[in-house]
Amino acid sequence: MLIHPWDAPREEAEWQQWLSAHDFGQLAVSGLPGEAPYVQPLHFAYDPEHAEAVTHLARPNPLWPALERNPAVLLSVVDDYTFIPGPWQAAPDGPPEHGTPTSFYAAVQLHCTAHVVDDPAEKAALLNRQMGHFQPEGGSARVAAGEEPYGRMLSGIRGIRLEVTDVRAKFKYAEKKPAEVQDRIAAGLAVRGGPRDAAALTVQRRRRGL
């Protein structure tokens, strides 16, 4: 992922805060020789204190042999994206039709070493960590090995603990453009009101300190 200086996070806390509100991504695993990479959509719970994310997948998932062969994986999260029409990006002193269309988006890529979790008690603890993140209000029984209602289901899944070794983050919101152009884009997003325009506008305004 190309990251220009103006697209980089201001500080580590920026991408961490963004990631705390984005917990669905794609896990990329190198394929076996002669195969394409595996790309698995999944929910995950990120723990910044321990620099790791936890998740789980069904035991029949075909990616396990590739993951065990090469545990170096990438967890990719992309959101707050939208298309920016060319005229919005036109230079202040140029014709609108000469503007270059582009995309706005935020992306965080966690480079990880994957550790497969098969011990029933450890899988139960991992699932409870995920449940604590996604369902903090409770309402479901805790997972415990050998106990109802979920203990009997543990054999059907494998847990994954993703040890984060590096992070690449990008916030692409036209910050290299003149303020007049950025204002025009912001106004366009506010008026258009597309499915992700409000989210993109929020990030753009935050990055500009507005």
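What this report covers is the structure whose coordinates are included nearby. (Residues numbered from 1 in each chain as written. Predicted model: local features only at pLDDT ≥ 70, side-chain atom pairs only at ≥ 80, totals over all residues. Heavy atoms only, no water.)

Focus: the overall build of the chain
Where we set the bar: The secondary structure listing takes helices from DSSP runs of H or I that are at least 4 residues long and strands from runs of E that are at least 2 residues long, numbered from the N terminus. We call two residues contacting when some pair of their heavy atoms lies within 4.5 Å. Under the convention used here, a 1.4 Å probe and the Shrake-Rupley method define accessible areas, while residue burial counts only the protein chains that appear. The convention is simple: Lys and Arg are positive, Asp and Glu are negative, and His and the chain ends are not counted. By convention, the charge on Lys lies at NZ, on Arg at CZ, on Asp at CG and on Glu at CD.
In terms of regular secondary structure, the chain is built from five helices and seven strands. Taken from N to C terminus, the helices and strands of the chain fall in the order α-β-β-β-β-α-β-β-α-β-α-α. Expressed along its principal axes, the backbone C-alpha trace of the chain runs to roughly 70 × 45 × 30 Å. For the chain, contacts bridging at least 24 residues in sequence account for 75% of all contacts bridging at least 6. Here the chain has roughly 11,100 Å² of accessible surface; of this, 54% comes from carbon and sulfur atoms. Distance between charge centres in the chain, computed from 21 positive and 26 negative side chains, equals 4 Å.

A few points about the pattern of salt bridges
Rules: Counted as salt bridges are all cases of a side-chain nitrogen of Lys or Arg within 4 Å of a carboxyl oxygen of Asp or Glu. Only protein chains enter the accessibility calculation, which uses a 1.4 Å probe; a residue is then buried when its area is under 20% of its type maximum, exposed when over 50%, and partly exposed in between.
For the structure shown, the criterion picks out 14 salt bridges. Here Asp47 ties to Arg129 by a salt bridge, and the two come within 3.5 Å at their closest N and O atoms. On the criterion of sequence distance, the pair formed by Asp47 in strand E3 (residues 45-47) and Arg129 in helix H3 (residues 120-134) is long-range, its members being 82 residues apart. Take Arg129: its relative accessible area is 37%, and that puts it in the partly exposed class.

Some points on the environment of Ala200
Tracing the backbone shows Ala200 in helix H5 (residues 197-207). Take Ala200: its relative accessible area is 0%, and that puts it in the buried class. On a C-alpha basis, the gap between Ala200 and Thr55 in space is 27 Å, while along the polypeptide they are 145 residues apart. Once residues within four sequence positions are removed from consideration, Ala200 is found in contact with Asp80, Thr82 and Tyr173.

Thoughts on the sheet that holds E3
Note the following rule: Paired strands, as defined in this entry, are two strands with at least two bridges between them according to DSSP. For every element, the axis is a line fit to its C-alpha atoms; helices are fit only across the contacting stretch, and the angle between N-to-C directions ranges from 0 to 180 degrees.
Spatially, the seven strands line up as an open sheet ordered E2-E1-E5-E6-E7-E4-E3, and their pairing is antiparallel. Of all strands in the sheet, those with a lone pairing partner are strand E2 (38-43) and E3, marking the two edges. Strand-to-strand, the axes of this sheet are offset by a mean angle of 35 degrees, without reference to chain direction. With seven bridges connecting them, strand E4 (residues 52-58) and strand E7 (residues 157-172) associate as antiparallel partners. Each bridged residue has a counterpart across the sheet, and for Thr55 the counterpart in E7 is Ile160. This element, H3, spans E2, E3, E4, strand E6 (102-117) and E7 of the sheet and lies at about 110 degrees to E4.

Describing the packing of aromatic side chains
We apply this condition: Classification of ring pairs rests on two measures: the distance between centres of Phe, Tyr or Trp rings, Trp counted by its six-membered ring, which must be within 6.5 Å, and the angle between planes, read as stacked under 30 degrees, edge-to-face over 60 and tilted in between. The criterion for a charge sitting over a ring is simple: Lys NZ or Arg CZ within 6 Å of the ring centre, and within 35 degrees of the ring normal.
In this structure the tally under the stated criterion is three aromatic pairs. Judged by centre distance (6.1 Å) and plane angle (50 degrees), the ring pair of Trp15 and Tyr46 falls under tilted. Here Trp15, found in helix H1 (residues 12-20), pairs with Tyr46, found in strand E3; they are 31 residues apart in sequence, far enough to count as distant. Both residues of the pair, Trp15 and Tyr46, count as buried. The ring of Trp64 has Arg158 sitting right over it, with the charged end atom 4.8 Å from the ring centre.

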